[in-house]
Every structure is written in C-alpha cells, then in structure tokens.
Amino acid sequence: MQSTNMKVLGKHYRTIWINEENEEVITIIDQRHLPHRFITEDLHTVSEMVHAIKDMHVRGAGLIGAAAGYGMYLATIESRHKNSLEHILASADALKATRPTAVNLEWAVNKQLDAIAQGKTANEKIKIARKMAEHIAQEDAEYCRRIGTHGVAIIEEISKRKNGKVVNILTHCNAGWLAFVDYGSATAPIYEAFERGIDLHVWVDETRPRNQGASLTAWELMNQGIPHTVIVDNAGGHLMQHALVDMVITGADRVTVAGDAANKIGTYLKALAAHDNGIPFYVALPSSTFDWSIHDGLKDIHIEERNSDEVKYMYGLCDGEIKKVLITPLDSPAGNYGFDVTPARLISGLITERGICRASEEDITKMYAEKVKQI
Ligand code: MRU
C-alpha cells in the first residue's frame, strides 16, 4: 500500500532525518513557516532540539517522539567532550520537559536511556543512540503505514454503503505525515482510500490557535491532490446535523489503557457532536501513544497550557510577507489550553498498527497483552 510516500512538489520527504552531509546534524522541516514557505532547519545541539520542540518547529505526537530520539543521539555526541552520563541524563530531562501531553516524547527518551546504558565507551553510546533514533523514526513511519491499511476498511465500507458516492471525512488538527515521520495516523487511511480510487472529501478543522488544520493538514492534502475544504472549528456540528459528515478520524497524543484519548483542544466537542448525530468517531494512533500506566484520562493526563499570545495573535501572509496581527484587545487575558480528553464512551474505535479495536480496556489489553503485562 501507499507506494507513493508523502510528497512536497512531487519529491518525497520525511519530517526529520540525519543530515546527508554531516551525520552529527539533524535536519527537520520547520513547520512554523508552512503553508507559505517550505524551509528546512539544521539542528546541531540538544538545546537546539529542545527549542525546536518547545517552539513547535516540529510538533505532533509521533514526530516529537522521533525528535526526542534524535535529540538523545545529539546528547551522546555532546557527551564525548562533557562529563558523559551527567550530560545524557540532563538532556533526557530537558527533552522530557519540553511538552507534557504527548506520551511519545517520554517513551522515546526512555527507550534511548535503556539503549544507551548498554554502551561502554562514548563512541559505543553514540553508535547505539544513532541506531535507536533511526529505529524509532522508521517504526513510526511503518506503524502509520499499517494504520492506513487497517483504517481503509472503514472508509471502503462507508463508500460501499453509499454506492460509491463521495465519503465525507472530518478531521481535527494535524494528525498527518507532518505530525509523524511519514504517512500520519488519521490521514493514513485517507491517503490509502484515495489511492484505491475511493471518492472522498475531507473537512479540515482550522484548529485554533496554532491552525494546524488550516496551515498543515490542508497543505498536506493539497500536495497529495486530495479534495478537501477548510472549515472554522465551530462548523463541524452544523455539517453533521445536515448529513455532510460520514465519519470523523482524529489522532491522539496520549491514550489510556481504558481508551480515553487526549488530542488537540476541540476534539472532545467534535466527538460529542458526532455522538449526538450517530456518526462514527475514530481515533488513529500508533502504540507509542498509549500510556500503559493510566486509566482515567480526565484525571491522569496533564494538559499543556501554552503562551496566551498564541490566542491573541495570528500569523498570515500579507503582501508577500508573513505578518503577525493582534486580534484581541491588547490587555485582554487569554487562556491557551492545548489539548482535551475525549472519553472512551464517545469513541467508536481505535485504529492502530495492529488493527482496529474498541476503545475499551478489555479490547486494548487483548490487542497489546505483552505491553500491559510489562507494567
Ligand atoms: O500541539 P501539536 O500540534 O503538537 O498537537 C499534536 C497534534 O498534532 C494533534 O493533537 C494530533 O491530532 C495528534 S496526532 C499526532
């Protein structure tokens, strides 16, 4: 499936890679400039990686996990000259502290810490960390590809039921390839269905305040040639009431063993509207997004609060330049909650790299028995 990888102007890109000219440098697509400019950025140090994650040059649960993996590789390189273990542990803490909600980040750092501990010399540690960083990135891409092959069945089924008429899918935020290393989670079944010739159309929530839908998902879909329409965040309920949405697929940043899913702020309201209108609501995620240690999403998931300027100001293209404009009274306070939790009862199913299951402890633990046993 998906013989065609994700493309920018016809060329295949991943979101993060080891620089071809200098293997001690990590290159990323700097997402802050999209959709208006396609700019890559070279990161040379752990602190540059920390800044890139915090400031959302890279973002999205899978990608910040991969970025943290590469960050730990940079930490081992820096440790060649510094007091080795101390710097590696301090780097791990700094990377983990960048963004609190997506579990992929701490998952990747912990994987690296376990792996690096096996290396005896500084050079061995570097080699191991590089291999592990590449493994985390490769697995992320492969798991998203598999999410596509499983999730496409849902879209195919709806298409059949509608006698081939257009399938309308609503998505929130960006859970596309830009949020991972390749393919994306929520978008992978969409890309696969499109490749199989299914007539589909995607409603793209703009996703205030950072506009990941309007800026990133729309740009991705446009590059893949997939019919889509950007809508304001508040339009979904209206579209659902008028039978203009056949299904919702979102990504997730942390999912509990019982199936509660934290995702970009506003996801919960979409799930409520979908439930009220009898529309299937799916969450797509690789297993790195499960938090095997928690059950109650509302109680146990730390919701990131970001700078209020992200709500008060917007960026956009104006006369060929990117400009920042204030949209509130200068002195009005603003709240900026990054994520919300959709309770398992509102989720029709989870689309994972192993297949589709109900958002219930019973089904999740059946599908991932070995992970649950490890806790
Ligand atoms: O704040 P972001 O852009 O890093 O948010 C993460 C997301 O992209 C979404 O919540 C997404 O749906 C999760 S899937 C990676």
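Preceding block: the structure.
Right, let's walk through the structure included here. Quick caveat, the model's predicted, so the values are computed rather than measured.

### Some remarks on the sheet that holds strand β5 (residues 40–43)
Right, so step 1: Ordered by their spatial adjacency, 3 strands build an open sheet running β3-β4-β5, and the pairing between neighbours is antiparallel. At either end of the open sheet lies a strand with only one pairing partner, and these are β3 (16–18) and β5. In this sheet, neighbouring strand axes are inclined to one another by 25° on average, regardless of whether the strands run parallel or antiparallel.
Right, so step 2: With 4 bridges connecting them, strand β4 (residues 26–29) and β5 associate as antiparallel partners. When the sheet's bridge partners are listed, Ile26 is paired in β5 with Leu43.
Right, so step 3: Running at roughly 140° to β5, helix α1 (residues 46–54) makes contact with β3, β4 and β5 of the sheet.

### Overview of the packing of aromatic side chains
Centre distance and the angle of the planes are the two values used to describe a pair of aromatic rings.
Right, so step 1: Scanning the model with the defined rule gives 7 aromatic pairs in all.
Right, so step 2: An angle of 15° between the planes, with centres 6.1 Å apart, marks the rings of Phe38 and Trp219 as stacked. In this pair, Phe38 is assigned in the loop between β4 and β5 and Trp219 in helix α7 (residues 212–224), connecting sequence segments 181 residues apart.
Right, so step 3: Ring geometry for Trp292 against Tyr368: centres 5.5 Å apart, planes inclined by 50°, an arrangement best described as tilted. With a gap of 76 residues between them, Trp292 in the loop between β13 (290–291) and α10 (297–300) and Tyr368 in the loop between α12 (361–367) and α13 (369–374) connect regions that are remote in the sequence. In this pair, the class of Trp292 matches that of Tyr368, namely buried.
Right, so step 4: In this structure an aromatic cluster arises from ring pairing among Tyr13, Trp17, Phe38, Trp177 and Trp219.
Right, so step 5: When the ring centre of Phe339 is taken as reference, the NZ or CZ atom of Lys264 above it lies at 4.0 Å.
Right, so step 6: Here the basic side chain of Lys324 rests over the ring of Tyr313, its NZ or CZ set 4.6 Å away from the ring centre.

### With respect to the pattern of salt bridges
Right, so step 1: If you walk through the whole model with that rule in mind, you get 21 salt bridges.
Right, so step 2: Two residues, Glu142 and Arg145, come together in a salt bridge whose shortest N-O distance is 3.0 Å. Pair noted here: Glu142 and Arg145 are both in helix α5 (residues 122–161), with a separation of 3 residues, about one helical turn.
Right, so step 3: You can call Arg145 partly exposed: its relative accessible area is 23%.
Right, so step 4: For the salt bridge of Arg196 with Glu156, the shortest nitrogen-to-oxygen distance reads 3.0 Å. With Arg196 in the loop between α6 (188–195) and β7 (200–205) and Glu156 in helix α5, this residue pair connects regions lying 40 residues apart in the sequence.
Right, so step 5: Look at the salt bridges and you will find they share partners, linking Arg99, Arg210, Glu304, Arg306 and Glu310 into a network.

### Concerning a negative patch on the surface
Right, so step 1: A cluster of acidic residues, Glu20, Glu21, Asp42 and Glu48, forms a negative patch at the surface.
Right, so step 2: With respect to the element layout, Glu20 can be found in the loop between β3 and β4.
Right, so step 3: Given the relative accessible area of 67%, Glu20 is considered exposed.

### Examining unusual backbone geometry
Right, so step 1: Following Leu34, the chain continues into Pro35 via a peptide bond in cis, with omega recorded as 10°.
Right, so step 2: With a phi angle near 65°, Met56 is a residue other than glycine that sits in the positive phi range.
Right, so step 3: Structurally, Met56 can be placed in the loop between α1 and α2 (61–79).
Right, so step 4: Since its relative accessible area comes to 3%, Met56 is described here as buried.
Right, so step 5: Phi at Asn211 takes a positive value of approximately 60°, unusual for a residue other than glycine.

### Some words on the pairing of strand β17 (residues 349–352)
Right, so step 1: Going residue by residue along β17, you find Gly349 and Ile351 tucked away on one face and Leu350 and Thr352 tucked away on the opposite face as well.
Right, so step 2: Here strand β12 (residues 281–284) pairs with β17 via 3 bridges, running parallel. When the sheet's bridge partners are listed, Tyr282 is paired in β17 with Gly349.
Right, so step 3: Note that β17 and strand β18 (residues 355–357) share 3 bridges and pair antiparallel. Residue Thr352 lies in a different strand from β18, and its bridge partner there is Gly355.
Right, so step 4: Hairpin connection, β17 to β18: the antiparallel pair is bridged by 2 residues.

Calculation notes
- Residues numbered from 1 in each chain as written.
- Predicted model: local features only at pLDDT ≥ 70, side-chain atom pairs only at ≥ 80, totals over all residues.
- Heavy atoms only, no water.
- Pairing = 2+ DSSP bridges.
- Helix = DSSP H or I, 4+ residues; strand = E, 2+ residues; numbered from the N terminus.
- Axes fitted to C-alpha atoms, helices over the stretch in contact; angles between N-to-C directions.
- Contact = heavy atoms within 4.5 Å.
- Phe/Tyr/Trp six-rings, centres within 6.5 Å; stacked < 30°, edge-to-face > 60°.
- Buried < 20%, exposed > 50% of the residue type's maximum accessible area, 1.4 Å probe, protein only.
- Lys NZ or Arg CZ within 6 Å of the ring centre and 35° of its normal.
- Salt bridge = Lys/Arg side-chain N within 4 Å of Asp/Glu carboxyl O.
- Patch = residues over 30% accessible without salt bridge, like charges linked within 9 Å, V, L, I, M, F, W, Y side chains within 5 Å.
- Areas by Shrake-Rupley, 256 points an atom, 1.4 Å probe, with all protein chains shown as cover.
- Lys, Arg positive; Asp, Glu negative; His and termini not counted.
- Charge placed at Lys NZ, Arg CZ, Asp CG, Glu CD.

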